[in-house]
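# Survey of secondary and tertiary structure
Here's the letter readout for the chains.
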2 protein chains.
Amino acid sequence: MPRRRITQADVAAMAGVSQATVSFVLNDSNPSGVRISEETRQRVRDAIRITGYSANPAAQRLAGGLTQILGVFTYESTFPQGGRDFYGPFLVGIEHAAEKLGVDILLFTSARVEDGRRRLTRDGWQRLGIADGCLLLGQHEDRGELQHLLDTNYPFVFIGKRGSDGGRLPYVGVDYVAATARQVDRLAALGHTRIGYVGSRGTDQPTLDRVEGYRATMKRHGLTVRFVELDDVAATAAEVADQRLTAVLVAPENSPEELADELERRGLRVPDDISVLLLGQPLHPRPGGRRWSGFSIPREEMGARALHLLSRLVAADTGRPARRDAPQVPDDELRQLLGCVDVDAETLAPPPA
Amino acid sequence: MPRRRITQADVAAMAGVSQATVSFVLNDSNPSGVRISEETRQRVRDAIRITGYSANPAAQRLAGGLTQILGVFTYESTFPQGGRDFYGPFLVGIEHAAEKLGVDILLFTSARVEDGRRRLTRDGWQRLGIADGCLLLGQHEDRGELQHLLDTNYPFVFIGKRGSDGGRLPYVGVDYVAATARQVDRLAALGHTRIGYVGSRGTDQPTLDRVEGYRATMKRHGLTVRFVELDDVAATAAEVADQRLTAVLVAPENSPEELADELERRGLRVPDDISVLLLGQPLHPRPGGRRWSGFSIPREEMGARALHLLSRLVAADTGRPARRDAPQVPDDELRQLLGCVDVDAETLAPPPA
DNA sequence: TCAACGGGATGATGCGCATTATTAGCAACG
DNA sequence: CGTTGCTAATAATGCGCATCATCCCGTTGA
């Protein structure tokens, strides 16, 4: 039988005070010069202890305006590519930050999935309103969806750099350009000259940045830029061999495992004959898998930073006109680019003699 | 400029109807014979679409409705032991189920962390109220916390079998007894007779069940039960060698990697000289790590099943006495035990000749 | 003696929603 | 012409809490 929960009114009755007094004691606050004597406070506290009262969060939030819930919307459905391997680390960081901020995290899993990716439209983005603000992660194209968020002044932060189309959007991304450049530097320092970049064309920001970092740094070193189109892994490996490359850069989404296996099948040992640097973490880390050299993306930190930023944005635009002194978020915090960390493992070596 | 949330009143104004009408249209219900014409319904729906209205969950809850949000409470803080590796798979399953059920998932990250574990007491369990029900995962002892949930008739489901102390609680767990028994069978079938169980004492359900499965099955095969206490890994390895065991069972939390390494350091090859079966997935799967034979826990399925069960419980006891026709959840669904899957990899072999 | 004051507490209000009770309008009926 | 019956919608209420405006009462200053 649904026993009615204890309310502040119950406590108040027991302590012989008003509901308002209980509220004041609980929050230990005096918003408008309200004073409660220590004696009364104690009486209320006792009543609270005896009754086992605990606040109804729904009511608290309803009265307070904010829900203290921050949302996370993932465009890609997590399943098809075992995506959790990719998003997990972000979530860890997000969770950590949420803990510190004292907010709960709402995963928008109710949005319709179309073509293997979630839509923010229609049913989807309306639910966002539940949270005070929202983190957006994953590749994204639909500009219209975004516009709505902007129009309604809904606080949100992207995880991952936003380029041309969304240059004005708040995000926390990583500096792929610099990180990729450093890989070329590492190879050049070891004496590599025939350094290739294996990948398929893409217009997504990470790809663009990696390519730019590669291209610019090769030029800086006076080396020839060698792009190897990735279509069939076997053909690609052949191409790599033909060009007598001694090192290649590969992004995680471009089948590095398969490529390395194929290269070794052709007699090219990794890394003795050819170094393979991974531009990010492997998509499917498996026990027994290769331990890649390259760089790693600070996903947990990204998640944490993004949530903190979002939290600030929310604070900056609380609906309550009371707080006109709301802190504005400076532009350089609105778009953050974090650095990657170089990884020294088993797929980097000097070029063969 | 402060963003005031759109409310039903706003929608109502735009559609030229009353707030109540909007509520009726939204819930598509007519509790006491209320009727809304299709024409009006459409007008309201349009207004909802245009304004981008979304219900405030706090208000919904306060008014006694459902939020279509299901909560997930993890006792262990995810960080200390890279817990996400452990909880991640559950979440994947939960997310999948949530998608199908059309509900959102709320991670209770706001609860205070004490001694590296979250507390459901005080601040903690109150927030639960936002969600329609809650999944509980992780080891847990505090009976008092639970009692509160039971008293308030709050729907919840444990992930992981609950034993003596909570024999009456809803849970979705795995059959460790049977799974462990099967491992002994596998070893016995290969001719092993000196089969040990390495572990430290524990009163947690998984440990109790694994031990029972081991003990019972060894007896059934007429083999001597050999427990090897795990304290110092080196000492344990020595003990294993001394007893001339040809196979050991190890739970993931009992440092299987270190043990295997130590055994090999002592000249015992795995699995040629000694088979090591892992009773669950490795806690920290790393590229380059060992590929364990043993069994694996269907964590994703557990997560999904648990969420489905929770969903049913919520439906069954919407606290409102209005729905006396609420479907009851049969006892055998309330406590589910799933089977584990045997894994055949690289750490199982016949005993040395 | 009366106004001014300030500590101590309360009543009233509204947050956004679901729901019940009630009303308005209209057709059919006796 | 009054009554019933039915549809379509609204007004009103309360959920539990935070907060503002107000009030009460004992002290002080003039």
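Procedures and definitions
- Residues numbered from 1 in each chain as written.
- Chains lettered and ligands numbered in written order.
- Predicted model: local features only at pLDDT ≥ 70, side-chain atom pairs only at ≥ 80, totals over all residues.
- Heavy atoms only, no water.
- Near = heavy atom within 4 Å.
- Polar contact = N/O pair within 3.5 Å; in protein donor to acceptor, adjacent residues only side chain to side chain.
- Helix = DSSP H or I, 4+ residues; strand = E, 2+ residues; numbered from the N terminus.
- Nonpolar A, V, L, I, M, F, W, Y, C, P; charged D, E, K, R; others polar.
- Salt bridge = Lys/Arg side-chain N within 4 Å of Asp/Glu carboxyl O.
- Buried < 20%, exposed > 50% of the residue type's maximum accessible area, 1.4 Å probe, protein only.
- Pairing = 2+ DSSP bridges.
- Axes fitted to C-alpha atoms, helices over the stretch in contact; angles between N-to-C directions.
- Contact = heavy atoms within 4.5 Å.
- Phe/Tyr/Trp six-rings, centres within 6.5 Å; stacked < 30°, edge-to-face > 60°.
- Lys NZ or Arg CZ within 6 Å of the ring centre and 35° of its normal.

Close to DNA strand C lie 30 residues; T21, S37 and T40 of chain A together with Q8 and Y53 of chain B are nearest. A share of 58% of the atoms of DNA strand C within 4 Å of the protein falls on sugar and phosphate groups. A distance of 2.5 Å separates a phosphate oxygen of DNA strand C from a polar backbone atom of S37 of chain A. In this structure, a phosphate oxygen belonging to DNA strand C sits 3.3 Å away from a side-chain N or O atom of N27 of chain B. Only α2 (19-27) and α4 (57-64) of chain A together with α2 (19-27) and α4 (57-62) of chain B provide two or more residues apiece to the surface near DNA strand C. In terms of residue class, the surface near DNA strand C is built from 15 nonpolar, 13 polar and 2 charged.

Attention shifts here to the pattern of salt bridges. Residues and elements named next belong to chain A. A complete count under the given rule lists 34 salt bridges over all chains for this structure. Salt-bridge contacts for D209 lead to K161; the nearest nitrogen and oxygen are separated by 3.0 Å. With D209 in helix α9 (residues 205-220) and K161 in the loop between β6 (156-159) and β7 (171-174), this pair connects stretches of sequence that are 48 residues apart. For K161, a relative accessible area of 23% translates into the label partly exposed. Between D273 and R269 there is a salt bridge whose closest N-O contact spans 3.0 Å. One network of salt bridges, with partners in common, ties together D261, E264 and R290.

Turning our attention to the sheet that holds strand β8 (residues 195-199) of chain B. All names here are of chain B. Across the sheet, 6 strands lie side by side as β9-β8-β10-β11-β12-β14; this open sheet has mixed pairing. Two strands in the sheet have a free side with no partner beyond their single neighbour: β9 (226-229) and β14 (341-343). Shown here is a sheet whose adjacent strand axes are inclined to one another by a mean of 20 degrees, direction ignored. Bridge count between β8 and β9: 4 bridges; the pairing is parallel. Bridge pairing in β9 places G196 opposite R226. Most of the contacts of helix α9 (residues 205-220) go to β8, to which it runs at about 165 degrees, and overall it touches β8, β9, β10 (247-250) and β11 (275-279).

Moving on, we get to the sheet that holds β6 of chain A. An order of β13(A)-β7(A)-β6(A)-β5(A)-β1(A)-β2(A)-β2(B)-β1(B)-β5(B)-β6(B)-β7(B)-β13(B) is seen for the 12 strands of this open sheet, with the pairing classed as mixed. In this open sheet, the two strands that pair with only one neighbour each are β13 (335-338) of chain A together with β13 (335-338) of chain B. Sheet twist, expressed as the average angle between the axes of neighbouring strands with direction ignored, equals 20 degrees. Relative to strand β2 (residues 104-107) of chain A, strand β1 (residues 69-74) of chain A is paired through 4 bridges, and the arrangement is parallel. Residue L70 of chain A lies in a different strand from β2 of chain A, and its bridge partner there is I105 of chain A. Strands β5 (133-137) and β6 of chain A of the sheet are contacted by helix α7 (residues 143-151) of chain A, whose axis makes an angle of about 145 degrees with β6 of chain A.

For the rest of this paragraph, the subject is the environment of R286 of chain B. As for its position among the elements, R286 of chain B is in the loop between β11 and β12 (293-296). Not counting the four nearest positions on each side in its chain, R286 of chain B is found in contact with R286, P287 and G288 of chain A.

Further remarks concern the protein's contact with DNA strand D. What surrounds DNA strand D is a group of 29 residues, the closest being Q8 and Y53 of chain A together with T21, S37 and T40 of chain B. Protein-proximal atoms of DNA strand D, defined as those within 4 Å of the protein, fall in sugar or phosphate at a share of 59%. Separating a phosphate oxygen of DNA strand D from a side-chain N or O atom of S23 of chain A is a distance of 2.8 Å. At 3.4 Å, a side-chain N or O of N27 of chain A approaches a phosphate oxygen of DNA strand D. Elements represented by at least two residues in the surface near DNA strand D include exactly α2 and α4 of chain A together with α2 of chain B. The residue makeup of the surface near DNA strand D, split by class, is 15 nonpolar, 13 polar and 1 charged.

Turning to the packing of aromatic side chains, a few remarks are in order. All names here are of chain A. One pass over the structure, following the stated rule, counts 13 aromatic pairs over all chains. Ring centres 6.5 Å apart and planes at 40 degrees place the aromatic pair F73 and F108 in the tilted group. Taken together, the residues span a long stretch of sequence, with F73 in strand β1 and F108 in the loop between β2 and β3 (113-114) at a distance of 35 residues. By relative accessible area, which is 0% here, F73 ends up buried. The positively charged end of R290 is found above the aromatic ring belonging to W292, 5.9 Å away from the centroid.

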